[in-house]
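Fold and geometry: a report
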Amino acid sequence: MEFTIRPIAKVSNSRSEVQDDYWAEIVSEIELEDNIPAESLDGIDTFSHLEIIYIFHKSVGSDPVLGSEHPRENKRWPKVGIFAQRKKNRPNHIGSTIVELLRRDGKKLLVKYLDAIDGTPVVDIKPVMREFLPMSGITQPDWSKELMINYWE
């Protein structure tokens, strides 16, 4: 089955090139597309965090990873399957991040901790509810902790 996903918004921020680390200081504006009414955001400012689902648009057209690779092509880290890492060259080039909502202004959201570059198409926005977060402790391998050391610096 194939289907079409259309952007509902676009990201604007100061980062225009793909870069893996140092996202903490990037503040992004997410503006709804013209055909999406502002009222679709009514009540969103009662949530502190949102989940943003977006397209890695600069990787579309490149060959996706379907098997396993070293994360960030770092040979010190083990080869793991594409679904055991968050690489942009995924089969459908879809990314998601939980962000902090700073404020809403009409059809625009100002957010922090979004690791998407300027011009990134957003395909969905969801409120984060505690009940959808993990009910048990999170486990992850040591290599992933090392990979993330400077991500949110």
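Residues numbered from 1 in each chain as written. Predicted model: local features only at pLDDT ≥ 70, side-chain atom pairs only at ≥ 80, totals over all residues. Heavy atoms only, no water.

Heads up, the rule is: UniProt positions are given in the numbering used here, feature names are shortened, and annotations may be inferred rather than shown by experiment.
Taking an unreviewed UniProt entry as the reference, the protein is identified by name as Methyltransferase, YaeB family belonging to Leptospira johnsonii. We quote the UniProt Sequence similarities (unreviewed entry) comment for the protein here in full: "Belongs to the tRNA methyltransferase O family."

1. Things to note about a nonpolar patch on the surface
Rules: Every patch collects residues that have over 30% relative accessible area and no salt bridge, joining them within 9 Å if they carry like charges and within 5 Å if they are nonpolar side chains (Val, Leu, Ile, Met, Phe, Trp, Tyr). For every accessible area listed, the method is Shrake-Rupley and the probe measures 1.4 Å; residues are considered covered only by the protein chains on display. Any carboxyl oxygen of Asp or Glu that lies within 4 Å of a side-chain nitrogen of Lys or Arg is treated as forming a salt bridge with it. Numbering of helices and strands starts at the N terminus; helices are DSSP runs of H or I of at least 4 residues and strands are runs of E of at least 2. The rule is simple: take the accessible area with a 1.4 Å probe, protein chains only, and divide by the maximum for that residue type; under 20% is buried, over 50% is exposed, in between is partly exposed.
A cluster of nonpolar residues, Met1, Phe3, Ile5 and Ile94, forms a patch on the protein surface that exposes about 510 Å² of accessible area. Inspection of the secondary structure assignment puts isoleucine 94 in strand β6 (residues 94–105). Residue class for isoleucine 94 comes out partly exposed when judged on its relative accessible area of 33%.

2. Re the pairing of β6
Under the convention used in this document: A pair of strands is treated as paired once DSSP finds two or more bridges between them.
Pairing analysis gives 7 bridges linking strand β3 (residues 49–55) to β6, with the strands arranged antiparallel. Bridge pairing links isoleucine 55 to isoleucine 94 in β6. Here β6 pairs with strand β7 (residues 108–112) via 5 bridges, running antiparallel. Looking at β7, one finds that arginine 104 is bridged to leucine 109. What sits between the antiparallel neighbours β6 and β7 is a turn of 2 residues, in which glycine 106 has the positive phi angle 65°.

3. What to know about the pairing of β3
When you tally the buried positions in β3, you get 5 out of 7 residues, the bulk of the element. Pairing analysis gives 5 bridges linking β3 to strand β8 (residues 121–127), with the strands arranged antiparallel. From the neighbouring strand, isoleucine 53 faces β8, where its bridge partner is aspartate 124.

4. Topic: the layout of surface pockets
To find leftover empty space, one rolls a probe the size of a water molecule over the atoms. For the record, the criterion: Definitions used throughout: a 1 Å grid over protein atoms alone; a cavity as a set of points that fits a 1.4 Å probe which cannot get out; a pocket as an open set with protein on both sides within 12 Å along at least five of seven lines; a lining residue as one with an atom within 4 Å of a point. Grid points are joined across faces, edges and corners, and a volume is the space filled by probe spheres set on the points. When residues are sorted by character, Ala, Val, Leu, Ile, Met, Phe, Trp, Tyr, Cys and Pro go into the nonpolar class, Asp, Glu, Lys and Arg into the charged class, and all the rest, Gly among them, into the polar class.
The computed volume of the largest pocket comes to approximately 1,400 Å³. Surrounding the largest pocket, 44 residues form its lining, Arg86, Lys87, Asp115, Met148 and Tyr151 being those nearest its centre. Those elements that provide at least two residues to the lining of the largest pocket are β3, β6 and α1 (142–147). Broken down by element, the lining of the largest pocket gets its largest block of residues, 5 residues, from β6. When grouped by side-chain class, the residues that make up the lining of the largest pocket number 21 nonpolar, 12 polar and 11 charged. Reported here for the second largest pocket is a volume of approximately 150 Å³. Surrounding the second largest pocket, Met1, Glu2, Phe3, Ile5, Ile55, Asn92 and Ile94 form its lining.

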